[in-house]
Amino acid sequence: MRYVSAAESYPGVVDVASGKLTMFPVDGGKASFGGFAFAPDGKAVYFVSDEPLQGRPQEFKTLRYHDPASGRLEVLSGTIPWDVGGFTIADDGKHLAFASNEDGISKLRVLSLPGHEEVRLPALPIGVIGGLSFSPDGKRLALTLNSATSPSDVHVIDLAGATLTRWTQSEVGGLDAANFVAPTLVRYPTFDTVDGRQRTIPAFYYKPAKPSRTGKYPVVINIHGGPEGQSLPTFSSTAQYMANELGVAMLVPNVRGSSGYGKTYLSLDNAAKREDSVKDIGALLDWIATQPELDASRVGVIGGSYGGYMVLASLTHYSDRIRAGVDIVGISHFGTFLKNTENYRRDLRRVEYGDERDPAMAAVFERISPLNNAHRITAPRFVAQGRNDPRVPWTEAEQIVKAVRGNGQPVWYLLYADEGHGFAKKANSDWFGAATILFWQQHLLGGE
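Note that this is a predicted model, so its numbers are computed, not measured. (Residues numbered from 1 in each chain as written. Predicted model: local features only at pLDDT ≥ 70, side-chain atom pairs only at ≥ 80, totals over all residues. Heavy atoms only, no water.)

Caption draft 1: Up close: the layout of surface pockets. Considering only enclosed or pocket space, the largest pocket measures out at about 1,300 Å³ in volume. Lining the largest pocket we find 46 residues, and of these Asn222, Ser236, Ser237, Thr238 and Ala239 sit closest to its centre. Elements supplying a minimum of two residues to the lining of the largest pocket: strand 18 (197-206), strand 19 (217-223), helix 1 (237-246), strand 20 (249-253), strand 21 (294-304) and helix 9 (426-443). Residue composition of the lining of the largest pocket, by class: 22 nonpolar, 19 polar and five charged. By volume, the second largest pocket amounts to about 530 Å³. Together, 35 residues line the second largest pocket, and Lys61, Asp83, Val84, Gly85 and Asn101 are the ones closest to its centre. Only strand 1 (2-5), strand 2 (8-10), strand 9 (83-89), strand 10 (95-102), strand 11 (105-112), strand 13 (128-134) and helix 2 (263-266) provide two or more residues apiece to the lining of the second largest pocket. Partitioning the lining of the second largest pocket into residue classes produces 13 nonpolar, 15 polar and seven charged. (1 Å grid on protein atoms, 1.4 Å probe; cavity = no way out; pocket = protein on both sides within 12 Å on 5 of 7 lines; lining within 4 Å. Points joined across faces, edges and corners; volume = space filled by probe spheres on them. Helix = DSSP H or I, 4+ residues; strand = E, 2+ residues; numbered from the N terminus. Nonpolar A, V, L, I, M, F, W, Y, C, P; charged D, E, K, R; others polar.)

So, in structure tokens, the structure goes:
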């Protein structure tokens, strides 16, 4: 597979004997592809793609079967209006398993081969599925399941009996998992319309179980990176700590540009449309103000990488409505970011953000970049960065800290000399986590 961007990749086949590579034609010129594997007969193929079907554009990536000899093309997940993630085929060639991403929740299906009839399965807990693997004899299917109230655990399905057995019980540090908070999926209206109706943005809402001491819960908005990423209802020690220990609600939105909601949604923030995703955060602030249990006067934002940019951009637009922000390895100017990021990533990022060599796009970067709007940031912020980051260079943090401090505004700044794009070492991660909690206590909770 030759990967160009989240919306464009190209599959091919290698003749092992000769080493000859043949790339497959892509209907519609370009498309996104997921898994691609030979069927058990070694002739037909199974693959995941959003290629057009009979000339009709497709919003979602579907599981497909293609036999080149007969020309037969069968869409196996055509009735599922969501993306198919990955699939796996049993060694004995009798079954294929795949998972679809349905509003952030995984749904498992198993098909018998070669007829593609769906196999009856036991009910699975709600969560996110990964690591699908058949046993060598093909009679059982193992998978990992991660949920908001449980870290990843291994489950095994007996296909003949349609029974589920949990094989592991992940460590949660001696805490009572029964006290963990499961999020609800909410959709809030944003500024534009689609097909004549107001567009809505999905978000996972972690609400503390205990009543608020002040009558309303403070809120932290957690924005994912990517930007083609997707926040999922997986286990988050941070969300659980905020809810159970600090009494803070957490909202985790999938603003426009997130994957998992169709090809059109994925492209809604590309290039010059970048700040439309920031407006989705403004719409979330509006929604928070309508919720009687949430305190619109105590809202914080946090995010990493592209999510760090979203934090900084939100602070430039909504500093009067955001109490504090935490920017982790974030982009402060797309022009300097594209200039200084490692060469292997530059073209990939230009597809998403726009090409800084284009004068019109460079002008957009100058207009929207937080660095050039640092004078509008008045809320306290915490900037954290790794000195060895090959993706978002440490200079992105350095320049925004200097600019905001130059305006007389306070900034907490943490630069790890031994980290890259994120904090992998436990001591560093623990220290940053504790510092972040202290930051929220001082600047969001008012010293509570």
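Caption draft 2: Region of interest: the pattern of salt bridges. Counted by the stated rule, this structure contains 20 salt bridges. Measuring nitrogen to oxygen at the nearest pair gives 2.7 Å for the salt bridge that ties Arg274 to Asp269. The exposure class of Asp269 is buried, given its relative accessible area of 0%. Of the charged contacts in the structure, one is a salt bridge between Lys279 and Asp276, with a shortest N-O distance of 3.8 Å. Residue Lys279 and its partner Asp276 are both found in helix 3 (residues 274-289); the two are separated by three residues, about one turn of the helix. (Salt bridge = Lys/Arg side-chain N within 4 Å of Asp/Glu carboxyl O. Buried < 20%, exposed > 50% of the residue type's maximum accessible area, 1.4 Å probe, protein only.)

Caption draft 3: Looking closely at the sheet that holds strand 8 (residues 72-75). Within the open sheet, the four strands sit side by side as 5-6-7-8. Their pairing is antiparallel. At either end of the open sheet lies a strand with only one pairing partner, and these are strand 5 (33-38) and strand 8. Along the sheet, successive strands turn relative to each other by an average axial angle of 15 degrees, direction set aside. By the bridge criterion, four bridges tie strand 7 (residues 62-67) to strand 8 in an arrangement that is antiparallel. Following the sheet pairing, Asp67 is matched in strand 8 by Arg72. (Pairing = 2+ DSSP bridges. Axes fitted to C-alpha atoms, helices over the stretch in contact; angles between N-to-C directions.)

Caption draft 4: Expanded view of the packing of helix 1 against helix 9. At a minimum axis distance of 12 Å, the contact between helix 1 and helix 9 shows a crossing angle of 45 degrees. If you check the angle between helix 1 and helix 9, you find them oblique. By crossing handedness, the relation of helix 1 to helix 9 is classed as right-handed. Within the contact between the two elements, helix 1 uses Tyr241, Met242 and Leu246 and helix 9 uses Ile437, Trp440 and Gln441. Taken together, the residues that form the contact of helix 1 with helix 9 break down as five nonpolar, one polar and no charged. (Parallel < 35°, antiparallel > 145°, perpendicular 65-115°, else oblique. Left-handed = near helix turned anticlockwise from the far one by under 90°. Contact = heavy atoms within 4.5 Å.)

Caption draft 5: How the structure looks around unusual backbone geometry. A cis amide bond links Leu113 with the next residue in sequence, Pro114, at an omega value of 10 degrees. With respect to the element layout, Pro114 can be found in the loop between strand 11 and strand 12 (117-118). Each neighbour pair has its own omega, and for Gly226 with Pro227 the value is 0 degrees, a cis peptide bond. As for its position among the elements, Pro227 is in the loop between strand 19 and helix 1. Phi at Gln54 takes a positive value of approximately 50 degrees, unusual for a residue other than glycine. By secondary structure assignment, the location of Gln54 is in the loop between strand 6 (45-49) and strand 7. If you check the backbone angles, Val329 has positive phi at about 40 degrees while not being a glycine. By the element assignment, Val329 lies in the loop between strand 22 (324-328) and helix 5 (334-340). Classification of Val329 by relative accessible area gives buried; the value is 3%.

Caption draft 6: Local environment of the packing of helix 3 against helix 4 (residues 306-318). The contact between helix 3 and helix 4 brings their axes to 10 Å, and the two run at 65 degrees. Between helix 3 and helix 4, the crossing angle belongs to the class labelled roughly perpendicular. Considering only the axes of helix 3 and helix 4, their crossing is right-handed. Each of Arg274, Glu275, Ser277, Val278, Lys279, Ile281, Gly282 and Leu285 in helix 3 lies in contact with helix 4, whose residues at this interface are Tyr306, Tyr309, Met310, Ala313, Ser314, His317 and Tyr318.

Caption draft 7: Local environment of the nonpolar core. Of all hydrophobic cores here, the largest spans 70 residues; its most connected members are Ile221 and Ile288. Val220, Ala324, Ala384 and Leu444 belong to the second-largest nonpolar core, a separate cluster that totals 27 residues. (Core = buried A, V, L, I, M, F, W, Y, C linked by side-chain atoms within 4.5 Å.)

Caption draft 8: Region of the structure containing a nonpolar patch on the surface. A grouping of Val14, Leu21 and Met23 is seen on the molecular surface, where their side chains present a nonpolar patch of about 270 Å² in accessible area. When you line up the elements, Val14 lands in strand 3 (residues 12-14). The partly exposed category is assigned to Val14, whose relative accessible area is 49%. (Patch = residues over 30% accessible without salt bridge, like charges linked within 9 Å, V, L, I, M, F, W, Y side chains within 5 Å. Areas by Shrake-Rupley, 256 points an atom, 1.4 Å probe, with all protein chains shown as cover.)

Caption draft 9: Just the pairing of strand 24 (residues 411-416), in detail. As judged from the six bridges shared by strand 23 (residues 381-386) and strand 24, these two strands associate in the parallel manner. In the sheet register, Arg381 faces strand 24, and the bridge partner there is Val411. One crossover worth recording links strand 23 to the parallel strand 24 by way of helix 8 (residues 394-406), and it is right-handed. (Right-handed = clockwise from strand over helix to strand, strands pointing away.)

Caption draft 10: Looking closely at the packing of aromatic side chains. Going through the model one piece at a time under the given rule, you end up with 23 aromatic pairs. Centre to centre, the rings of Tyr46 and Tyr65 are 5.0 Å apart; their planes meet at 50 degrees, and the pair counts as tilted. Of the two residues, Tyr46 sits in strand 6 while Tyr65 sits in strand 7, which places them 19 residues apart along the sequence. Relative accessible area serves as the criterion here: at 2%, Tyr46 is assigned to the buried category. When its relative accessible area of 8% is taken as the criterion, Tyr65 is described as buried. (Phe/Tyr/Trp six-rings, centres within 6.5 Å; stacked < 30°, edge-to-face > 60°.)

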